[in-house]
Amino acid sequence: MSLIPSGVILPPPLVYLSFVACAWGLTKWVPLDLPQYGLLPFIGWGSIAAGIFLMVWAALEMYRHRTTINPYGKPSSLLQTGPFRFSRNPIYLADTLIYCGIALLLDSLWPWLLLPLLILCVQRTVIVHEEHLLTRLFGDDYRAYRRHVRRWF
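Engineer: Kindly report on the nonpolar core, identifying the contributing residues and their values.
Structural biologist: Formed by 21 residues in total, the largest nonpolar core has its most connected members in Tyr-16, Phe-19, Tyr-92, Tyr-99, Leu-118, Val-122 and Trp-152. For this core, the elements supplying multiple residues, two or more each, are helix H1 (12-29), helix H3 (90-106) and helix H4 (110-148). Of the residues forming this core, the biggest block, eight residues, is contributed by H4. Ignoring anything within four residues of it in the chain, the contact list for Tyr-99 reads Tyr-16, Phe-19, Val-20, Ala-23, Pro-111, Leu-114, Leu-115 and Leu-118. One finds Ala-58, Met-62, Leu-78 and Leu-79 within the second-largest nonpolar core, a separate group that totals 11 residues.

So, in structure tokens, the structure goes:
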């Protein structure tokens with residue numbers, strides 16, 4: 001039995017923020033510190049910066065092609081340029097890079113333990129819905145795109 005009713009799509013930023021909040025709470029409640037390594041904060045901020053760059057690049061590509069960035073919206077075109085050449089979901093990949101950066105800044109093992117569940121949640125609540133919609137809208141073009149471009153990277 002699913003905790004999420006069929007057909008309900010959670011806003012992706014809410015999914016990521018919920019997992020960050022959960023990881024932060026677990027870090028405070030039951031600390032599981034990462035081994036100390038002086039470069040972790042720099043790597044964390046680098047991951048956040050890379051995520052923001054990727055997100056802006058994908059959003060600009062969507063704007064350039066005049067299609068929606070809203071996961072509830074109806075896309076007007078199948079993007080295969082910019083970051084969409086490498087990932088079918090560059091914005092969720094960007095969100096995950098930002099999450100990983102925050103995980104490093106939290107200096108805790110909890111966000112890393114929650115990461116597989118986060119990815120599964122995003123795939124099951126958002127990506128599957130979007131893939132069904134794109135298949136309905138773009139048919140064989142989308143199926144061909146799926147064959148040569150990975151979901152995440």
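Engineer: Go over the packing of H3 against H4 with me, naming the residues and quoting the values.
Structural biologist: Contact pair H3 / H4: the axes reach a minimum separation of 11 Å and the direction vectors enclose 165 degrees. For the element pair H3 / H4, the angle class is roughly antiparallel. The two elements H3 and H4 meet at a crossing, and its hand is right-handed. Residue-level contacts link Tyr-92, Thr-96, Tyr-99, Cys-100, Ala-103, Leu-104 and Leu-106 of H3 to Pro-111, Trp-112, Leu-114, Leu-115, Leu-118, Val-122, Val-126, Ile-127 and Glu-130 of H4. Grouping the constituent residues of the contact of H3 with H4 by class yields 14 nonpolar, one polar and one charged.

Engineer: How would you explain helix H2 (residues 40-64) if you had to name every residue and give the values?
Structural biologist: Taking 1.5 Å per residue, 25 residues should reach 36 Å; H2 reaches 36 Å between its end C-alpha atoms and fits that length. Residues of H2 that are buried: Leu-40, Gly-44, Ser-47, Ile-48, Gly-51, Leu-54, Ala-58, Glu-61 and Met-62. Of the surrounding secondary structure, the elements contacted by the buried residues of H2 are H3. Phi turns positive, to about 55 degrees, at Arg-66, one or two residues after H2.

Engineer: Quick rundown of the packing of H1 against H3? Include the residues and the values.
Structural biologist: Interhelical geometry of H1 versus H3 gives an angle of 15 degrees and a closest axis separation of 11 Å. In this view, H1 runs roughly parallel relative to H3, as classed from their interaxial angle. You can see that H1 and H3 cross each other, and the crossing is right-handed. From H1, Pro-12, Tyr-16, Phe-19, Val-20, Ala-23, Trp-24 and Thr-27 reach across to H3, where they touch Tyr-92, Asp-95, Thr-96, Tyr-99, Ile-102 and Leu-106. Taken together, the residues of the contact of H1 with H3 sort by class into 10 nonpolar, two polar and one charged.

Engineer: Hey, could you go over the pattern of salt bridges for me, with residue numbers and the actual values?
Structural biologist: All chains considered together, the criterion is met by four salt bridges. A salt bridge links Glu-131 to Arg-88, with the shortest nitrogen-to-oxygen separation between them at 2.8 Å. Here Glu-131, found in helix H4, pairs with Arg-88, found in the loop between H2 and H3; they are 43 residues apart in sequence, far enough to count as distant. Of the two residues examined, Glu-131 and Arg-88, each falls in the buried class. The residue Glu-131 makes a salt bridge to Arg-151 at a minimum N-O spacing of 2.7 Å. Here Arg-151 lies in the segment after H4 and Glu-131 lies in helix H4, a separation of 20 residues in the sequence. With relative accessibility at 6%, the residue Glu-131 sits in the buried group. A network of salt bridges, in which partner residues are shared, links Arg-88, Glu-131 and Arg-151.

Engineer: Could you give an account of H1, naming the residues involved and the relevant values?
Structural biologist: Owing to its 3.6 residues per turn, the α-helix aligns residues three or four sequence positions apart on the same side. Spanning 18 residues, H1 covers 26 Å between terminal C-alpha atoms, matching the ideal 26 Å at 1.5 Å per step. Within H1, the full set of buried residues consists of Pro-12, Val-15, Tyr-16, Phe-19, Val-20, Ala-23, Leu-26 and Thr-27. Angularly, the buried residues of H1 cover 130 degrees about the axis, an arc narrow enough to put them on a single face. Opposite the packed face of H1, turned more than 90 degrees from it, sit the exposed residues Pro-13, Leu-17, Lys-28 and Trp-29. As for H1, its buried residues are in contact with H3 and H4.

Reading guide: rules and limits
- Residues numbered from 1 in each chain as written.
- Predicted model: local features only at pLDDT ≥ 70, side-chain atom pairs only at ≥ 80, totals over all residues.
- Heavy atoms only, no water.
- Core = buried A, V, L, I, M, F, W, Y, C linked by side-chain atoms within 4.5 Å.
- Buried < 20%, exposed > 50% of the residue type's maximum accessible area, 1.4 Å probe, protein only.
- Helix = DSSP H or I, 4+ residues; strand = E, 2+ residues; numbered from the N terminus.
- Contact = heavy atoms within 4.5 Å.
- Axes fitted to C-alpha atoms, helices over the stretch in contact; angles between N-to-C directions.
- Parallel < 35°, antiparallel > 145°, perpendicular 65-115°, else oblique.
- Left-handed = near helix turned anticlockwise from the far one by under 90°.
- Nonpolar A, V, L, I, M, F, W, Y, C, P; charged D, E, K, R; others polar.
- Expected span 1.5 Å × (residues − 1).
- Salt bridge = Lys/Arg side-chain N within 4 Å of Asp/Glu carboxyl O.
- Arc of directions from axis to C-beta.

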